[in-house]
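Commentary on secondary and tertiary structure
The primary structure of each chain is shown beneath.
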Amino acid sequence: LRRQIVDVGRRMWLKGMVAANDGNVSARLPDGNVLCTPTGTSKGALTEDSLAVVALDGTVLDRGTGRGPSSEVRMHLRVYQVDPGAMAVVHAHPLHATAFAIRGEALTLQMMPETVVALPEVPLARYATPSTDEVPDSIEPFVLSHRACLLEHHGALSWGSGLEDAFMTMERLEYQAQITLLVRLMGGARELSPEQVLAVRRQFGLA
Ligand code: 13P
C-alpha cells in the first residue's frame, strides 16, 4: 500500500493534477487504520517512510518521517467512516475539474457511454474552509451515492475499492471536465439521448 500511494502521487504529479503540495492520498490498512500522505509535500516526491498512520477517529498513530498527516486527513477519514467499502481516497486539484469547481458547476452531462457507465455524475460539494470539519461535512452527503465530487473553490475528491480505482476515477472526472469545456468551446455539448443512455445502462447491467 505504501508503494501504491507513492506511485499514485507520482502519477498525479506527472499528469499535472497537483501543483506545489496540492493533493493528498490515503488507503485503509488491513487493521482498519489509515495510511496517508504527509502534509506540505509534493506528491511527485513522496517516500514510503514519509507516510503517516491515523486511526479512524483521527488519532495520529505514526507520524512517519515526513511532516505528519495531511491537513485534509479528516476529509479522507469521513469517507472511510461512512462507507465501509471505501479502501482508498484521492484528493487532487486537476486544472479543468478545479475550474468547474470554482465556477460552482457539477459535471452532469451524459456525452459518452464510458461516463454513463463509470461516472454519470460528479456532484459539487459546497465550499468549506480548509482543514475544518466543514470539509468532511460538505462531502458526506455524496459518499454512499457517488464515487467522486468536486469541492467548490478547491478541487476534487474521489474514493473507491482501492488506490487504482480511486485514481482512475480522478482521471476520469478530469477528462470529463476537459471534454465538457472543449465541446462548449466548439459550439455546445451534445448529450446522448435518454434512449441511448438507457440502452448503455441495460447493456452494462445498470438498468
Ligand atoms: P496537505 O499538504 O496538508 O495534504 O494539503 C494539500 C491540499 O491539497 C489541501 O487542499
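Note: the structure precedes this text.
Below or above, wherever it landed, is the structure these notes cover. Everything numeric here is computed off the predicted structure, so don't read it as measured data.

1. Let's talk about helix α6 (residues 163-185)
- Under the 1.5 Å per step criterion, the end-to-end length of α6 is 33 Å for 23 residues, consistent within 8% with the ideal 33 Å.
- Where α6 is concerned, the buried positions are Leu-163, Ala-166, Phe-167, Thr-169, Met-170, Leu-173, Glu-174, Gln-176, Ala-177, Ile-179 and Thr-180.
- Just past α6, the residue Gly-187 takes up positive phi, approximately 125°.

2. Focus on the side chain of His-91
- Along the chain, the position of His-91 falls in strand β5 (residues 88-92).
- Separated by 3.1 Å, the side chains of His-91 and His-93 make a polar contact.
- Leaving out residues up to four positions away in the same chain, His-91 has contacts with Met-12, Gly-23, Asn-24, Met-75, His-76, Leu-151, His-154, Ala-156, Leu-157 and Met-170.

3. Details of the site of the ligand
- Every residue near the ligand is listed here: Asn-21, Asp-22, Gly-23, Asn-24, Thr-39, Gly-40, Ser-70, Ser-71, Glu-72, His-91, His-93 and His-154.
- Within the side chain of Asn-24, one N or O atom sits 2.8 Å away from an oxygen atom of the ligand.
- Between an oxygen atom of the ligand and a side-chain N or O atom of His-91, the distance comes to 3.3 Å.
- Considering the ligand on its own, with 310 Å² of exposed area, one finds that the protein chains cover 91% of that surface.
- Per-class residue counts for the shell around the ligand are no nonpolar, 10 polar and 2 charged.

4. So, the sheet that holds strand β3 (residues 52-54)
- Strand order in the open sheet formed by 8 strands is β4-β3-β2-β1-β5-β8-β7-β6, and the pairing between neighbours is mixed. Each of the sheet's edge strands pairs with one partner strand only, and the pair in question is β4 (60-62) and β6 (124-125).
- Here 3 bridges tie strand β1 (residues 24-28) to strand β2 (residues 34-36), and the two strands are oriented antiparallel to one another. Bridge pairing in β2 links Arg-28 to Val-34.
- On top of the sheet, helix α2 (residues 73-82) reaches β1, β2, β3, β5, β7 (148-151) and β8 (155-160); it is set at about 35° to β1, its chief contact.

5. Points about the pattern of salt bridges
- Taken as a whole and assessed by the stated rule, the structure comprises 10 salt bridges.
- Its salt-bridge partner being Arg-11, residue Glu-164 comes within 2.9 Å of it at the nearest N-O pair. Note that Glu-164 is positioned in helix α6 and Arg-11 in helix α1 (residues 2-14), a separation of 153 residues in sequence.
- A residue is classified by how much of its surface remains accessible, and Arg-11, at 25% relative accessible area, is partly exposed.

So, how was this worked out
- Residues numbered from 1 in each chain as written.
- Predicted model: local features only at pLDDT ≥ 70, side-chain atom pairs only at ≥ 80, totals over all residues.
- Heavy atoms only, no water.
- Helix = DSSP H or I, 4+ residues; strand = E, 2+ residues; numbered from the N terminus.
- Expected span 1.5 Å × (residues − 1).
- Buried < 20%, exposed > 50% of the residue type's maximum accessible area, 1.4 Å probe, protein only.
- Polar contact = N/O pair within 3.5 Å; in protein donor to acceptor, adjacent residues only side chain to side chain.
- Contact = heavy atoms within 4.5 Å.
- Near = heavy atom within 4 Å.
- Areas by Shrake-Rupley, 256 points an atom, 1.4 Å probe, with all protein chains shown as cover.
- Nonpolar A, V, L, I, M, F, W, Y, C, P; charged D, E, K, R; others polar.
- Pairing = 2+ DSSP bridges.
- Axes fitted to C-alpha atoms, helices over the stretch in contact; angles between N-to-C directions.
- Salt bridge = Lys/Arg side-chain N within 4 Å of Asp/Glu carboxyl O.

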